[in-house]
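Chain by chain, the residues:
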Amino acid sequence: MRKQIRVLTAAVLCANLAFAGAAPGFASEAAAPEAETESALLAGQELAGKALDAANEAWKFSGTMEFGDGLLSLMSSDGTDVSWLKSAGVDGVVAGGGDGTADANETVSLNGTALCDVQTKFDAKSGRLYFSFPDLKKAPASVDLNKIFSSMKSDFHAGVGSEIGAGIPSEDATRLQEEAAELFGSISSEEWSDFVGRYAGTVMTGIKTEQEGESQVTAGSLSDTVTRTTVSIQPDAMDKIVRDSVGTLREDPLVLKILGSDFAADLVSMAVKSGADKTLDTGADSTGSVTGSQLVGMYQSALDSVKDNLSGLPGFSLSIGNNAEGKFTSLDLKVLYSGVEIPVFTFATITDGTKNATELDLGELVASSLLGAASGEDQSNAETEADAQDTASSGKTGLLMEGTTDGGKLNETITIQAAGTPYATVTVSDWDIEGMKSGKFAGSVMAQLGGESVGLDFAQSDAEGQSVSLLVNGEMFVKVTGSIRTADPSSVQKLDTTGAVELKSSDDLEKYLADADPSGLLEKLQAAGVPQELLGTETEQATGAAA
């Protein structure tokens, strides 16, 4: 039973750490926090302190978690019967003291039965959280949030954080930052403008713009009339643009300035030395160092080797359609190659009163590639490609969103389809649009893939507050309900922290609870429906001692 008490105490303490702005969990005594950790903690404490200094209100809060059969079955996978577990919750009231502190009184419940009361006090100035469990032990205890944060960060640096920073020594990283600042600080706005202008002019010479007449577009069950503007670059024009741009890039003063800088040379040298790019022929010496002039030479040689091979490139056309009201309605992208137009995608979005529809249809070439990649491995490449093309041409592949906003409620169906067949569906039902604007969520979101479904059902009422249920195949898996409203500050009983025991580790928590009296809690756990076998023989011992 002692174990259950420790678990319950730790769980309540974790919840209050979250209330105080800390991540949950106990930590061992940590070394002195790093400078940036200290400054961040002090800044957070100062901000919290200012808020609590000004606080003269109280808030009543409640939270309940209900467990569905699916979750209980999962929790019982190790053979432990938890079918008796129906719900767990906490109710309480919290108030700022106007002196940089906040007090909270809470009651923890199980299956609707109150188990124990908890009193807490958070001191923003010291970063210390005080708490007491009057039903178990009246003496208060405290934890130092500064040390918890510092220990967590130390653990991070000892693990993942150390791996992240292992590649580049701190002095090299500092030098890179200084060189980057010097390089980009020396580039004037005129240099950037000239750079853009050199290539914008080259591209513009190959662009052709056409205005088309009216045409119909559809999205789901809706249609609209649009006037299209098409921007295109033909294949021969694309060849010329690329060749001219490559020639200009070879001697571009801004590019050569960046590549020839100490920043670029040191960045590549560090990558070579750390083994990040061992396959690249950088021309580095035996120490792994690369100079700016070597980078420039490699860059120009690479452009020279590809310039003569840049021919036969495809062009493209992009059509934008606006309806009679001038509203953007459609977008079509095609690749132009050897006199053939190859659709890449078609996009349309249409609104008609309270009805709306948006559709993305991938072209047959893109769709067949995706379907081919998803097909079986037993077929030959030729068979796979042929089957994918046949499938892609049998229907649309992409995304369809269609719904209404009647009566201030959003009802929307989002379908991912492949060759005209729905693959996955997301349905939004009776979503309260106005309520959402005021922070009240009501409605449901369900996703279905194959024969399985999962979703969230939101509900809100003045009596119960906000709730959200996780549904799996239509059955409630877990439900969380919470509410918060103003209360009378005088209703909060402030915790007397005199003689509080400081908890620095989980061992300290064990010692703190060693002389706790569990008899009252045991009776309440029994009343809540906890099986006798889980409570153990201590129930009888505690009852006998009380008698």
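Residues numbered from 1 in each chain as written. Predicted model: local features only at pLDDT ≥ 70, side-chain atom pairs only at ≥ 80, totals over all residues. Heavy atoms only, no water.

Colleague: Hey, could you run me through the overall build of the protein chain in this one?
Modeller: Per the secondary structure count, the protein chain includes 17 helices and 20 strands. In the protein chain, which comprises 547 residues, the proportion classed as buried is 33%. Contacts in the protein chain between residues far apart in sequence, at least 24 positions, make up 52% of those at least 6 positions apart. (Helix = DSSP H or I, 4+ residues; strand = E, 2+ residues; numbered from the N terminus. Buried < 20%, exposed > 50% of the residue type's maximum accessible area, 1.4 Å probe, protein only. Contact = heavy atoms within 4.5 Å.)

Colleague: Explanation requested: the packing of helix α6 (residues 189-204) against helix α7 (residues 235-250) in the structure shown.
Modeller: Where α6 contacts α7, the axes come no closer than 9 Å and their chain directions differ by 165 degrees. As far as their axial angle goes, α7 and α6 are roughly antiparallel. Our pair here, α6 against α7, has a crossing hand that is right-handed. Each of Arg198, Tyr199, Thr202 and Val203 in α6 lies in contact with α7, whose residues at this interface are Ile241, Asp244, Ser245, Thr248 and Leu249. Taken together, the residues of the contact of α6 with α7 sort by class into four nonpolar, three polar and two charged. (Axes fitted to C-alpha atoms, helices over the stretch in contact; angles between N-to-C directions. Parallel < 35°, antiparallel > 145°, perpendicular 65-115°, else oblique. Left-handed = near helix turned anticlockwise from the far one by under 90°. Nonpolar A, V, L, I, M, F, W, Y, C, P; charged D, E, K, R; others polar.)

Colleague: What exactly am I supposed to notice about the confidence of the model for the protein chain here?
Modeller: Low-confidence regions, as indicated by low pLDDT, have predicted coordinates that should not be scrutinised in detail. Here the protein chain shows a mean pLDDT of 81. Residues at 70 or above account for 76%. The low-confidence segment residues 17-37 (pLDDT under 50) makes 47 contacts with residues lying over four places distant or belonging to another chain. Across residues 537-547, confidence stays below pLDDT 50; counting only partners more than four residues off in sequence or on other chains, it has eight contacts. (pLDDT = per-residue confidence, 0-100.)

Colleague: Is there a simple way to think about the pairing of strand β16 (residues 443-449) in this case?
Modeller: It is a general feature of regular strands that their side chains alternate between the two faces of the sheet. Here strand β15 (residues 421-432) pairs with β16 via six bridges, running antiparallel. When the sheet's bridge partners are listed, threonine 427 is paired in β16 with methionine 446. Relative to strand β17 (residues 452-461), β16 runs antiparallel, the two sharing seven bridges. Following the sheet pairing, alanine 447 is matched in β17 by valine 454. With antiparallel pairing between neighbouring strands as the criterion, β16 and β17 make up a hairpin whose turn holds two residues, including glycine 450 at a positive phi of roughly 65 degrees. (Pairing = 2+ DSSP bridges.)

Colleague: Teacher, can you tell me more about the nonpolar core here?
Modeller: Proteins that are soluble and globular tend to have nonpolar side chains buried together. Counting 34 residues, the largest nonpolar core has Leu110, Phe131, Val143, Leu503, Tyr512 and Leu525 as its most contacted members. Among the elements that take part in this core, strand β4 (residues 113-123) stands out by supplying four residues, more than any other. Counting seven residues, the second-largest nonpolar core is a separate cluster that includes Ala219, Val226, Ala348 and Ile350. (Core = buried A, V, L, I, M, F, W, Y, C linked by side-chain atoms within 4.5 Å.)

Colleague: Help me understand the side chain of aspartate 103 in this model?
Modeller: Tracing the sequence through the fold places aspartate 103 in strand β3 (residues 101-110). Within the local environment of aspartate 103, its side chain forms a polar contact with the backbone nitrogen of leucine 495, the two atoms lying 3.0 Å apart. Dropping the residues within four chain positions of it, aspartate 103 is found in contact with Val93, Val94, Ala95, Thr120, Lys121, Val492, Gln493, Lys494 and Leu495. (Polar contact = N/O pair within 3.5 Å; in protein donor to acceptor, adjacent residues only side chain to side chain.)

Colleague: Looking at this structure, how should I read the packing of aromatic side chains?
Modeller: Following the criterion strictly, the structure yields eight aromatic pairs and no others. Arranged with centres 6.2 Å apart and planes meeting at 50 degrees, the rings of tryptophan 431 and phenylalanine 441 form a pair that is tilted. Placement of the pair is tryptophan 431 in strand β15 and phenylalanine 441 in the loop between α13 (433-437) and β16, with a sequence separation of 10 residues. Members of the aromatic cluster, joined through ring pairs, are Phe131, Phe133 and Tyr512. (Phe/Tyr/Trp six-rings, centres within 6.5 Å; stacked < 30°, edge-to-face > 60°.)

Colleague: Looking at this structure, I do not really get the pattern of salt bridges. What am I missing?
Modeller: Two side chains of opposite charge can pair, provided their charged atoms sit close to one another. The tally for this structure, following the rule as stated, stands at 18 salt bridges. Glutamate 179 serves as the salt-bridge partner of arginine 175, at 3.8 Å between the closest nitrogen and oxygen. In this pair, arginine 175 and glutamate 179 both sit in helix α5 (residues 170-185), four residues apart, roughly one turn of the helix. Judged by relative accessible area, which is 32%, arginine 175 ranks as partly exposed. Two residues, glutamate 341 and lysine 334, come together in a salt bridge whose shortest N-O distance is 3.4 Å. Members of the salt-bridge network, linked through shared partners, are Arg128, Asp144, Lys147 and Glu502. (Salt bridge = Lys/Arg side-chain N within 4 Å of Asp/Glu carboxyl O.)

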